[in-house]
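Residue-level structure breakdown
Now for the letters of each chain:
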Amino acid sequence: MAEPHAVVVLAGGGSTRLGRPKQTLTINGKPLLVHALELAAGTAPERIVVVLGADADQLAALLDRIAFDNLTCVVNHQWQEGMASSLRLAADALATWPGRTMILACDQPRLRIGHLQSLLATANARRDNDIACAYADTIGIPALVRASTLAQASNLRGDSGLRRLWQSPDAAVIAIDAPELAFDIDTPADLAEAIKAGWIDRQ
């Protein structure tokens, strides 16, 4: 039987290199933020937490399209610090959640439900481990982490993400290959490539 899980969708970045909120770019007419939340909901989580930051008012309006009873939205007013500040908020929001938490972002246009299902399937067999995706010679999100790992996010600072926690000698993390997730959208050149490949709608 599958273990219940929560989901965190990180959407607090300022897209400073891109020059526009990447969360509003669309896939088949759906903003990336909505796309990520629908993927999250497709895994049947007990709770969903979305962390907004820059452009929070504009992005919060997109959530009106989504009718999830278990969705909580938190706003990171320190988003300029980096990912750690959003992870700390997520850890606070799920401080009483005893199970695993899936963490994903909305700037990986090649992310599909199959990636998230693979995390869950691996976790069912390896209940004492965090499960991460492997790409570009590293491991990262989306990932499925234990409650103890998420709690440690309260100690992160700056642009440190989960990889900092996994560098600990006592970290227990298993990686599953997902090379296509190495592509994310940070710059206008990335966006042009994504549009040409058909991963993002033509703007």
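Further up the page is the structure itself.
In this report, the structure presented in the accompanying data block is examined. (Residues numbered from 1 in each chain as written. Predicted model: local features only at pLDDT ≥ 70, side-chain atom pairs only at ≥ 80, totals over all residues. Heavy atoms only, no water.)

Let's shift gears to the pairing of strand E8 (residues 138-145). Extensive coverage of E8 is indicated by the burial of six of its eight residues. One ladder, built from three bridges, connects strand E6 (residues 100-105) with E8; its direction is antiparallel. Bridging across to E8, Thr101 finds its partner in Val145. Across five bridges, the pairing between strand E7 (residues 130-135) and E8 is antiparallel. Bridge assignment links Tyr135 to a residue of E8, and that residue is Thr138. The turn joining E7 and E8, which pair antiparallel and follow one another in sequence, is formed by two residues; a positive phi near 50 degrees is taken by Ala136. (Buried < 20%, exposed > 50% of the residue type's maximum accessible area, 1.4 Å probe, protein only. Helix = DSSP H or I, 4+ residues; strand = E, 2+ residues; numbered from the N terminus. Pairing = 2+ DSSP bridges.)

The next thing to look at is the side chain of His5. Inspection of the secondary structure puts His5 in strand E1 (residues 5-11). For His5, the side chain forms a polar contact with the side chain of Thr43, separated by 2.9 Å. Setting aside chain neighbours within four positions, we find His5 in contact with Thr43, Ala44, Pro45, Glu46, Arg47, Trp97, Arg100, Met102, Leu120 and Leu144. (Polar contact = N/O pair within 3.5 Å; in protein donor to acceptor, adjacent residues only side chain to side chain. Contact = heavy atoms within 4.5 Å.)

Turning next to the sheet that holds strand E4 (residues 47-52). Pairing in this open sheet of seven strands is mixed, and the strands run E5-E4-E1-E6-E8-E7-E9 from one edge to the other. With partners counted over all chains shown, the strands left at the sheet margins are strand E5 (71-75) and strand E9 (173-177), one partner each. Ignoring strand direction, the axes of neighbouring strands in this sheet form an average angle of 30 degrees. Direction of pairing for E1 relative to E4: parallel, over a ladder of six bridges. Bridge pairing in E4 places Ala6 opposite Arg47. Along the sheet, helix H1 (residues 32-41) contacts E1, E4, E5 and E6; its crossing angle with E1, the most-contacted strand, is approximately 170 degrees. Across the sheet, helix H4 (residues 113-125) lies against E1, E6, E7, E8 and E9, angled at about 70 degrees from E8, the strand it touches most. (Axes fitted to C-alpha atoms, helices over the stretch in contact; angles between N-to-C directions.)

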